[in-house]
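# Examination of the molecular architecture
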Amino acid sequence: LQLMAQRRVDGLLIDSSIAGQQQVIDDLTRLHLPAVLFDSDIPENAPHLSAVRSDYASGMRAAIDHLITQGHRRIALICGQSWWWPARERLKAFQAGCEAAGLTPEPGLVRSVTMSATAAYAEASALLQSSVPPTALIVGGNNLLLGVLRALQAHQCVAGRDLALIGADDLDLTQLYSPPITVVARDLALLGEMAVHLLRETIGRGAGREVTLPTHLIVRNSSTRA
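Small disclaimer: the values here were computed from a predicted structure and weren't measured.

Next up on the list: the sheet that holds strand β9 (residues 210-213). Strand pairing in a sheet relies on backbone hydrogen bonds, with the paired strands running either antiparallel or parallel. An order of β1-β2-β3-β9 is seen for the four strands of this open sheet, with the pairing classed as parallel. Each edge of the open sheet is held by one strand with a lone partner, namely β1 (12-14) and β9. For this sheet, the mean inter-axis angle between neighbouring strands, taken without regard to orientation, is 15 degrees. Bridge count between β1 and strand β2 (residues 35-38): three bridges; the pairing is parallel. Note that in β2 the partner of L12 across the bridge is A35. Strand contacts of helix α3 (residues 22-31): β1, β2 and β3 (49-54), with the helix running at about 165 degrees to β2, the strand carrying the most contacts.

Encoded structure:
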(Lines give C-alpha, C1' and ligand atoms only; values in the text may rest on other atoms or scores of the structure.)
Protein backbone atom coordinates (compact mmCIF):
# COMPACT_ATOMS: atom_id res chain seq x y z
CA LEU A 1 0.00 0.00 0.00
CA GLN A 2 2.88 2.36 0.78
CA LEU A 3 4.42 1.64 -2.64
CA MET A 4 1.10 2.21 -4.40
CA ALA A 5 0.65 5.51 -2.59
CA GLN A 6 4.12 6.60 -3.68
CA ARG A 7 3.27 5.74 -7.27
CA ARG A 8 0.09 7.80 -7.00
CA VAL A 9 -2.43 5.14 -7.95
CA ASP A 10 -5.90 6.59 -8.36
CA GLY A 11 -7.70 3.93 -6.35
CA LEU A 12 -7.80 0.34 -5.20
CA LEU A 13 -10.17 -2.62 -5.02
CA ILE A 14 -9.49 -4.62 -1.86
CA ASP A 15 -10.55 -8.24 -1.43
CA SER A 16 -12.43 -9.06 1.77
CA SER A 17 -9.94 -11.68 2.94
CA ILE A 18 -7.35 -8.89 3.07
CA ALA A 19 -9.62 -6.05 4.08
CA GLY A 20 -10.69 -8.02 7.14
CA GLN A 21 -7.31 -7.33 8.64
CA GLN A 22 -7.51 -4.10 10.62
CA GLN A 23 -3.95 -3.09 9.74
CA VAL A 24 -4.85 -2.81 6.06
CA ILE A 25 -7.81 -0.55 6.79
CA ASP A 26 -5.65 1.55 9.13
CA ASP A 27 -3.05 1.96 6.38
CA LEU A 28 -5.69 2.92 3.79
CA THR A 29 -6.98 5.51 6.22
CA ARG A 30 -3.53 6.91 7.01
CA LEU A 31 -2.43 7.06 3.36
CA HIS A 32 -5.81 8.47 2.28
CA LEU A 33 -5.99 6.11 -0.69
CA PRO A 34 -9.43 5.93 -2.32
CA ALA A 35 -10.54 2.31 -2.22
CA VAL A 36 -13.52 0.01 -2.42
CA LEU A 37 -13.52 -2.86 0.05
CA PHE A 38 -15.44 -6.04 -0.63
CA ASP A 39 -17.51 -7.26 2.34
CA SER A 40 -15.98 -5.13 5.05
CA ASP A 41 -16.83 -2.52 7.65
CA ILE A 42 -15.75 1.05 6.95
CA PRO A 43 -14.37 3.18 9.81
CA GLU A 44 -16.04 6.54 10.45
CA ASN A 45 -12.74 8.38 10.03
CA ALA A 46 -12.24 7.15 6.46
CA PRO A 47 -14.66 9.08 4.21
CA HIS A 48 -12.54 8.20 1.16
CA LEU A 49 -13.37 4.49 1.47
CA SER A 50 -16.36 2.69 0.00
CA ALA A 51 -17.69 -0.82 0.51
CA VAL A 52 -19.75 -3.20 -1.58
CA ARG A 53 -21.29 -6.05 0.38
CA SER A 54 -23.53 -9.04 -0.13
CA ASP A 55 -26.56 -9.41 2.11
CA TYR A 56 -25.35 -12.56 3.80
CA ALA A 57 -27.81 -12.09 6.66
CA SER A 58 -30.98 -12.39 4.58
CA GLY A 59 -29.52 -15.34 2.67
CA MET A 60 -28.71 -17.16 5.89
CA ARG A 61 -32.18 -16.48 7.29
CA ALA A 62 -33.72 -17.90 4.11
CA ALA A 63 -31.54 -21.00 4.46
CA ILE A 64 -32.57 -21.51 8.09
CA ASP A 65 -36.26 -21.04 7.28
CA HIS A 66 -36.01 -23.54 4.42
CA LEU A 67 -34.37 -26.18 6.60
CA ILE A 68 -36.90 -25.71 9.37
CA THR A 69 -39.79 -26.17 6.93
CA GLN A 70 -38.09 -29.44 5.93
CA GLY A 71 -38.33 -30.58 9.56
CA HIS A 72 -34.72 -30.03 10.65
CA ARG A 73 -33.89 -29.02 14.21
CA ARG A 74 -30.21 -29.99 14.52
CA ILE A 75 -28.68 -27.56 12.04
CA ALA A 76 -24.92 -27.11 11.90
CA LEU A 77 -22.80 -24.31 10.44
CA ILE A 78 -19.23 -24.38 9.17
CA CYS A 79 -17.96 -20.89 8.36
CA GLY A 80 -14.87 -18.72 8.45
CA GLN A 81 -13.32 -17.06 11.45
CA SER A 82 -14.99 -14.11 13.16
CA TRP A 83 -12.47 -11.48 11.99
CA TRP A 84 -13.77 -12.03 8.45
CA TRP A 85 -16.87 -9.89 7.83
CA PRO A 86 -18.86 -12.45 5.77
CA ALA A 87 -18.31 -15.12 8.41
CA ARG A 88 -19.33 -12.76 11.18
CA GLU A 89 -22.52 -11.79 9.34
CA ARG A 90 -23.38 -15.41 8.58
CA LEU A 91 -22.85 -16.43 12.19
CA LYS A 92 -25.02 -13.62 13.58
CA ALA A 93 -27.80 -14.41 11.10
CA PHE A 94 -27.54 -18.13 11.84
CA GLN A 95 -27.96 -17.55 15.56
CA ALA A 96 -30.81 -15.07 15.03
CA GLY A 97 -32.59 -17.41 12.61
CA CYS A 98 -32.39 -20.35 14.98
CA GLU A 99 -33.59 -18.29 17.92
CA ALA A 100 -36.50 -16.89 15.90
CA ALA A 101 -37.57 -20.48 15.22
CA GLY A 102 -37.35 -21.37 18.91
CA LEU A 103 -34.09 -23.28 18.54
CA THR A 104 -31.03 -22.85 20.74
CA PRO A 105 -27.92 -23.42 18.62
CA GLU A 106 -25.61 -25.88 20.34
CA PRO A 107 -22.02 -24.59 20.52
CA GLY A 108 -20.75 -27.88 19.10
CA LEU A 109 -22.82 -27.44 15.95
CA VAL A 110 -21.08 -24.17 15.00
CA ARG A 111 -17.53 -24.48 13.65
CA SER A 112 -15.45 -21.40 12.76
CA VAL A 113 -12.35 -22.36 10.81
CA THR A 114 -9.72 -21.03 8.43
CA MET A 115 -11.00 -20.87 4.87
CA SER A 116 -9.41 -24.11 3.75
CA ALA A 117 -10.82 -27.39 2.47
CA THR A 118 -8.61 -29.30 4.90
CA ALA A 119 -10.06 -27.51 7.94
CA ALA A 120 -13.61 -27.99 6.66
CA TYR A 121 -12.96 -31.69 6.05
CA ALA A 122 -11.83 -32.14 9.67
CA GLU A 123 -14.80 -30.25 11.11
CA ALA A 124 -17.37 -31.97 8.90
CA SER A 125 -15.91 -35.35 9.80
CA ALA A 126 -16.15 -34.50 13.49
CA LEU A 127 -19.78 -33.47 13.10
CA LEU A 128 -20.67 -36.65 11.18
CA GLN A 129 -19.00 -38.85 13.82
CA SER A 130 -20.54 -37.11 16.82
CA SER A 131 -22.89 -39.08 19.05
CA VAL A 132 -25.88 -37.08 17.80
CA PRO A 133 -24.89 -35.71 14.37
CA PRO A 134 -26.69 -32.80 12.74
CA THR A 135 -29.41 -33.50 10.19
CA ALA A 136 -28.56 -30.37 8.19
CA LEU A 137 -25.39 -28.43 7.45
CA ILE A 138 -24.84 -24.91 6.08
CA VAL A 139 -21.40 -24.20 4.64
CA GLY A 140 -20.26 -20.57 4.47
CA GLY A 141 -17.61 -20.60 1.76
CA ASN A 142 -16.67 -22.34 -1.46
CA ASN A 143 -13.30 -23.66 -0.27
CA LEU A 144 -15.05 -25.00 2.81
CA LEU A 145 -17.64 -26.74 0.65
CA LEU A 146 -14.90 -28.73 -1.10
CA GLY A 147 -13.70 -30.11 2.22
CA VAL A 148 -17.25 -30.87 3.34
CA LEU A 149 -17.99 -32.82 0.16
CA ARG A 150 -14.84 -34.87 0.64
CA ALA A 151 -15.90 -35.63 4.21
CA LEU A 152 -19.36 -36.73 3.08
CA GLN A 153 -17.79 -39.05 0.53
CA ALA A 154 -15.33 -40.46 3.07
CA HIS A 155 -18.13 -41.20 5.53
CA GLN A 156 -20.53 -42.50 2.87
CA CYS A 157 -23.01 -39.76 3.70
CA VAL A 158 -25.28 -38.71 0.83
CA ALA A 159 -26.46 -35.11 0.68
CA GLY A 160 -30.23 -34.90 0.45
CA ARG A 161 -30.65 -38.41 1.85
CA ASP A 162 -28.55 -38.57 5.01
CA LEU A 163 -27.86 -34.87 5.50
CA ALA A 164 -29.41 -31.68 4.14
CA LEU A 165 -26.65 -29.51 2.68
CA ILE A 166 -26.58 -25.81 1.75
CA GLY A 167 -23.54 -24.09 0.24
CA ALA A 168 -22.47 -20.60 -0.78
CA ASP A 169 -22.48 -19.21 -4.34
CA ASP A 170 -24.00 -20.76 -7.43
CA LEU A 171 -20.94 -22.37 -9.02
CA ASP A 172 -20.60 -25.07 -11.68
CA LEU A 173 -19.68 -27.47 -8.87
CA THR A 174 -22.93 -26.89 -7.00
CA GLN A 175 -25.02 -27.29 -10.16
CA LEU A 176 -23.27 -30.43 -11.45
CA TYR A 177 -22.74 -32.25 -8.15
CA SER A 178 -25.06 -35.20 -7.56
CA PRO A 179 -27.46 -34.28 -6.11
CA PRO A 180 -27.28 -30.58 -7.10
CA ILE A 181 -26.53 -28.41 -4.08
CA THR A 182 -28.82 -25.77 -2.61
CA VAL A 183 -26.97 -22.44 -2.34
CA VAL A 184 -27.27 -18.91 -1.04
CA ALA A 185 -26.45 -17.22 -4.34
CA ARG A 186 -24.83 -13.87 -5.07
CA ASP A 187 -24.59 -12.09 -8.40
CA LEU A 188 -20.78 -12.08 -8.61
CA ALA A 189 -20.70 -10.19 -11.90
CA LEU A 190 -22.88 -7.44 -10.43
CA LEU A 191 -20.63 -7.35 -7.37
CA GLY A 192 -17.60 -6.65 -9.56
CA GLU A 193 -19.42 -4.08 -11.70
CA MET A 194 -20.67 -2.23 -8.64
CA ALA A 195 -17.20 -2.20 -7.11
CA VAL A 196 -15.71 -0.54 -10.22
CA HIS A 197 -18.61 1.95 -10.38
CA LEU A 198 -18.15 2.80 -6.70
CA LEU A 199 -14.40 3.29 -7.12
CA ARG A 200 -14.85 5.73 -10.01
CA GLU A 201 -17.49 7.57 -7.99
CA THR A 202 -15.32 7.64 -4.85
CA ILE A 203 -12.33 9.02 -6.76
CA GLY A 204 -14.47 11.64 -8.49
CA ARG A 205 -16.38 12.81 -5.42
CA GLY A 206 -13.64 12.36 -2.86
CA ALA A 207 -16.17 10.60 -0.67
CA GLY A 208 -17.21 6.99 -0.36
CA ARG A 209 -20.44 5.18 0.36
CA GLU A 210 -21.65 1.68 1.16
CA VAL A 211 -23.79 -0.55 -1.06
CA THR A 212 -25.38 -3.87 -0.09
CA LEU A 213 -26.44 -6.26 -2.85
CA PRO A 214 -29.12 -8.93 -2.40
CA THR A 215 -28.65 -12.67 -2.05
CA HIS A 216 -31.24 -15.36 -2.69
CA LEU A 217 -31.71 -19.02 -1.89
CA ILE A 218 -31.69 -21.49 -4.79
CA VAL A 219 -33.28 -24.71 -3.55
CA ARG A 220 -32.02 -27.99 -5.04
CA ASN A 221 -32.12 -31.66 -4.09
CA SER A 222 -29.30 -31.54 -1.55
CA SER A 223 -31.61 -29.96 1.03
CA THR A 224 -35.04 -31.39 0.23
CA ARG A 225 -36.53 -34.54 1.61
CA ALA A 226 -37.56 -37.20 -0.91
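The structure having been displayed, the exposition proceeds.
Quick look at the packing of aromatic side chains now. Taken as a whole, this structure holds one aromatic pair when the rule is applied. When the ring of Y56 is compared with that of W85, the centres are 6.0 Å apart and the planes differ by 65 degrees; the resulting orientation is edge-to-face. Separated by 29 residues along the polypeptide, Y56 in helix α4 (residues 56-69) and W85 in helix α5 (residues 85-100) bring together distant segments of the chain.

Looking now at the pairing of strand β7 (residues 164-168). Counting buried residues in β7 gives five out of five residues, a clear majority hidden from the surface. Residues of β7 alternate between two faces, with A164, I166 and A168 on one and L165 and G167 on the opposite face, all of them buried. Across three bridges, the pairing between strand β6 (residues 136-139) and β7 is parallel. Residue pairing across strands places L137 opposite L165, the latter belonging to β7. Each parallel crossover has a hand, and for β6 linked through helix α7 (residues 142-154) to β7 it is right-handed. Pairing analysis gives three bridges linking β7 to strand β8 (residues 182-185), with the strands arranged parallel. Residue pairing across strands places A168 opposite V184, the latter belonging to β8.

About the thresholds
Residues numbered from 1 in each chain as written. Predicted model: local features only at pLDDT ≥ 70, side-chain atom pairs only at ≥ 80, totals over all residues. Heavy atoms only, no water. Pairing = 2+ DSSP bridges. Helix = DSSP H or I, 4+ residues; strand = E, 2+ residues; numbered from the N terminus. Axes fitted to C-alpha atoms, helices over the stretch in contact; angles between N-to-C directions. Contact = heavy atoms within 4.5 Å. Phe/Tyr/Trp six-rings, centres within 6.5 Å; stacked < 30°, edge-to-face > 60°. Buried < 20%, exposed > 50% of the residue type's maximum accessible area, 1.4 Å probe, protein only. Right-handed = clockwise from strand over helix to strand, strands pointing away.

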